[in-house]
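One letter stands for each residue in the lines below.
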Amino acid sequence: MADYLKHEIRSKDIILDLGTGCGIQAITATTLKDDVRVIATDINPIAVKNAVKNAKLNNVNERIEFIHGDLFQPFLKKEYFNLIIFNPPYLPLPLPDQKKQDWISLAWAQGIGSDIIQRFLLESNSYLKENGRILLIISTLSNIDFKRWEGTYSFERLSERAFFFEKLILLKITKVR
Ligand SMILES: C[S@@+](CC[C@H](N)C(=O)[O-])C[C@H]1O[C@@H](n2cnc3c(N)ncnc32)[C@H](O)[C@@H]1O
């Protein structure tokens with residue numbers, strides 16, 4: 001993902017790094033263009049604290065706004081982002097009960113029906129500006145019905161990498177309507 005960011009970031013972009021984890025994508029984004037605005041979120045409050053520390057260590061903490069929250073729940077303003085980066089939990093395993101605060105499981109379980117990715121695709125459209133782009137990683141183990149999104153987004157496969165029991169695919173998704 002980080003390798004492809006340099007081709008996708010444009011001057012003055014407002015970028016959302018969703019599920020920032022340790023902050024790697026958000027931190028990388030700040031190093032690629034001086035005039036971009038970067039916002040990074042995660043559902044895991046410990047990940048957000050850790051990402052803030054990593055941004056400080058890399059001297060880019062003043063360039064990233066870190067927010068704790070579930071997908072787009074922290075955002076009121078629609079049609080705001082030019083680019084959304086999401087390296088989601090990628091295994092089709094049941095979602096943990098959020099009340100149990102099982103943060104580690106939330107890092108890899110996306111729900112049996114790829115619930116997180118379906119919700120993400122449903123909600124992200126209204127938070128993207130016209131022709132807004134998404135960089136999304138998916139696993140071949142996910143069950144995503146891409147036909148459902150025809151006419152809403154266009155999909156381009158940027159790269160793929162094989163691991164033991166799956167392939168990870170990096171998609172560029174563009175808002176068309
Ligand atoms: C596979 S990790 C990716 C971390 C990092 N972005 C990277 O590229 O290394 C997925 C991240 O998504 C976060 N996450 C899971 N569900 C989320 C949700 N509903 N809203 C926001 N973040 C979520 C997890 O806590 C985890 O940090």
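We now turn to the structure provided with this report. (Residues numbered from 1 in each chain as written. Predicted model: local features only at pLDDT ≥ 70, side-chain atom pairs only at ≥ 80, totals over all residues.)

**Details of the nonpolar core**
- In this structure, Ile15 and Ile84 are the most contacted members of the largest nonpolar core, which totals 34 residues.
- Among the secondary structure elements, those contributing two or more residues to this core are strand 1 (14-18), helix 2 (24-32), strand 2 (37-42), helix 3 (45-57), strand 3 (64-68), strand 4 (81-86), helix 5 (115-127) and strand 5 (128-139).
- In terms of residue count, the dominant contributor to this core is strand 5 (6 residues).
- Once residues lying within four places of it in the same chain are set aside, the contact partners of Ile84 are Leu16, Leu18, Ser124, Leu128 and Ile134. (Core = buried A, V, L, I, M, F, W, Y, C linked by C-beta atoms within 7 Å. Buried ≥ 20, exposed ≤ 12 C-beta atoms within 10 Å, placed from the backbone. Helix = DSSP H or I, 4+ residues; strand = E, 2+ residues; numbered from the N terminus. Contact = placed C-beta atoms within 7 Å.)

**Notes on helix 3**
- Compared with an ideal rise of 1.5 Å per residue, which puts 13 residues at 18 Å, helix 3 spans 19 Å between its outermost C-alpha atoms and is within 8% of the ideal.
- Of all the residues in helix 3, the buried ones are Ala47, Val48, Ala51 and Ala55. One side of helix 3 carries all its buried residues, which in axial view fall inside an arc of 100 degrees. In helix 3, those exposed residues whose orientation departs by more than 90 degrees from the buried face are Pro45, Ile46, Lys56 and Leu57. (Expected span 1.5 Å × (residues − 1). Arc of directions from axis to C-beta.)

**Overview of the site of the ligand**
- Near the ligand lie 20 residues; those nearest to it are Gly19, Gly21, Ile43, Asn44 and Asn87.
- Going through the elements one at a time, helix 2, strand 2 and helix 4 (103-108) are the ones with two or more residues in the shell around the ligand.
- Partitioning the shell around the ligand into residue classes produces 11 nonpolar, 7 polar and 2 charged. (Near = placed C-beta within 6 Å. Nonpolar A, V, L, I, M, F, W, Y, C, P; charged D, E, K, R; others polar.)

**Structural notes on the environment of Leu5**
- Considering the arrangement of structural elements, one finds Leu5 in helix 1 (residues 2-8).
- Taking the C-alpha atoms as reference, Leu5 lies 8.8 Å from Ile85; in sequence the two are 80 residues apart.
- Not counting the four nearest positions on each side in its chain, Leu5 is found in contact with Gln25, Thr28, Ala29 and Leu32.

Function cannot be read off these values alone, since they describe shape.
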